[in-house]
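# Results of the structural survey
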Amino acid sequence: MEVSLQVNGERHVVAVPPHRRLLDVLRDDLELLGSKLACGEGACGACAVLLDGRPVNACLLLAAAAEGHAIVTIEGLSRGRAAAVLEAFVVEDALQCGYCTPGQVVSATALLERVARPTRDEIRQAMAGNLCRCGAYPKIERAILRAAAGA
């Protein structure tokens, strides 16, 4: 089947089987490699992308289900609030291996779009779906607070 996807402001038409995941289309067909496949079960958030401004796990979403929605990957987050989040992650050294970082930044950006000045509890709740096996959680939280303070 043919699917039209709006990714990072650009329209892409791809031929996919009905059961193909959005993550596979992003990585394999569109060569957007920032979103990672880790658990493949929607438990870790490494594959997070924004769908109409809300973070979703691209490993669980069928590409066909994403048709008609605005998809933003980590590659599309380089301006405005997202740039502040990226800079704050660097300043706070909010990563170790970096594998989960794209998903963390996507979810943090979505949080700050909804809540300009989140509390620590709001950050922990919003980021609960993003796992970091290196344990950089305190630095990630500080990065989000830093990005929020710069708003």
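Data block above holds the structure.
I will try to describe carefully the structure that is included in this document. (Residues numbered from 1 in each chain as written. Predicted model: local features only at pLDDT ≥ 70, side-chain atom pairs only at ≥ 80, totals over all residues. Heavy atoms only, no water.)

## Description of the pattern of salt bridges
Tallying each qualifying case throughout the model produces eight salt bridges. We note a salt bridge from Asp 29 to Arg 20, for which the minimum N-O separation is 2.8 Å. A relative accessible area of 18% means that Arg 20 is categorised as buried. Between Lys 139 and Asp 93 there is a salt bridge, and its shortest N-O distance comes to 3.5 Å. Of this pair, Lys 139 sits in helix 5 (residues 137–149) while Asp 93 sits in the loop between helix 2 (81–91) and helix 3 (101–114), and the two are 46 residues apart along the sequence. Overall, Asp 93 belongs to the partly exposed group, its relative accessible area being 42%. Several salt bridges share partner residues, and in doing so they unite Arg 20, Asp 28 and Asp 29 into one network. (Salt bridge = Lys/Arg side-chain N within 4 Å of Asp/Glu carboxyl O. Buried < 20%, exposed > 50% of the residue type's maximum accessible area, 1.4 Å probe, protein only. Helix = DSSP H or I, 4+ residues; strand = E, 2+ residues; numbered from the N terminus.)

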